[in-house]
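# Summary of the model geometry
Each chain is listed here by its residues.
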Amino acid sequence: RLGGTLQFSLSQEDAPVWADFSANWASGETSEAVYAFGAIGRHWAVSDRLLVGGMVQIDHISRDDGASQSSGTGWMVGPYFVAKAPEAPLFFEGRLLYGGADNAVSPLGTYEDGFGSERVLARLKVAGQVDVGAFVLQPNLLATYASDRAEGYVDSNSVVIARQKVDVSQIEAGVEFSVPVEVGFGAIEVFGGVSGIYSESRGTGVAASVVPEFDGARGRVALGSSYVTGANGVLSATASYDGLGSDYESVGFALRYEVSF
């Protein structure tokens, strides 16, 4: 019902080090959730068309559902690359990360148990750019695989909690566009996109009961605009709809103000 997001990024054109931080929180009638994510990386130029690097990311989540609470703090580390085709505006990027997490759960609010988990994330993206008059089209293809395997343990009531795992695979293909619009009071850009998504989740143990309802094929559309203000500021608004052709439905609206310094 109520929530917010904070994002911070740091990078320099002449420095091979970057950092990202984001956090979001949400609250409803009976629950509250907070999520924070941070990453830092460094890359090296193998050639004028290939960068390779390494990154570390840390995340934390906590959730309060009234009678029950849960939280987890995790890390992942691994290599990444960014490349460009020699004769065409075609770009490639990928990463392979491995890590773990320390988790705590209090299902009744009277005791707390802890357990560890092991995580893997693989991501590969291919994107192009085509100029059609004033329009800039960016077709893209993104494949993602994530896996989390939790250890089994005996809880405070001497109940055996079996080990469990979740595997999530997703392929997304789409095209994004942007076009500048001349106005008398500044610079406005209209942007948007459409994509087809296929996702599949598998789980064992308790995790088998929390497979997302948006598994399968669906479509997503987005439309927005941005306005360049003074003092390096950009004000943008975006609306999106996710769930075309499926029983799943998600409607979103984002208002963003960005300052570069």
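Please read all numbers here as calculations on a predicted model, not as lab measurements.

All right, on to the overall build of the protein then. Summing up its helical and strand segments, the protein has zero helices and 16 strands in all. Judged by the C-alpha coordinates and their principal axes, the protein covers about 70 × 45 × 40 Å. Out of the 261 residues belonging to the protein, those deemed buried represent 25%. Pairs at least 24 apart in sequence give 46% of the contacts found in the protein among residues at least 6 apart. When the accessible surface of the protein is totalled, it reaches about 16400 Å², and 60% of it is carbon and sulfur.

Another aspect to go through is the side chain of D155. Checked against the element boundaries, D155 lands in the loop between β10 (153–154) and β11 (160–161). Despite its burial, D155 remains without a salt bridge, the nearest opposite charge being carried by R163 at 16 Å. Reaching out from D155, the side chain makes a polar contact with the backbone nitrogen of V159 at a distance of 2.8 Å. If we skip the residues at most four places from it in the chain, D155 touches Y111, D113 and I161.

Our next topic: the confidence of the model for the protein. Put simply, the protein has an average pLDDT of 89, and 97% of its residues get 70 or more. Of all secondary-structure elements in the protein, the lowest mean pLDDT belongs to strand β1 (residues 2–12), at 79, while strand β5 (residues 69–84) reaches the highest, 96.

Rules of the game
- Residues numbered from 1 in each chain as written.
- Predicted model: local features only at pLDDT ≥ 70, side-chain atom pairs only at ≥ 80, totals over all residues.
- Heavy atoms only, no water.
- Helix = DSSP H or I, 4+ residues; strand = E, 2+ residues; numbered from the N terminus.
- Buried < 20%, exposed > 50% of the residue type's maximum accessible area, 1.4 Å probe, protein only.
- Contact = heavy atoms within 4.5 Å.
- Areas by Shrake-Rupley, 256 points an atom, 1.4 Å probe, with all protein chains shown as cover.
- Lys, Arg positive; Asp, Glu negative; His and termini not counted.
- Salt bridge = Lys/Arg side-chain N within 4 Å of Asp/Glu carboxyl O.
- Polar contact = N/O pair within 3.5 Å; in protein donor to acceptor, adjacent residues only side chain to side chain.
- pLDDT = per-residue confidence, 0-100.

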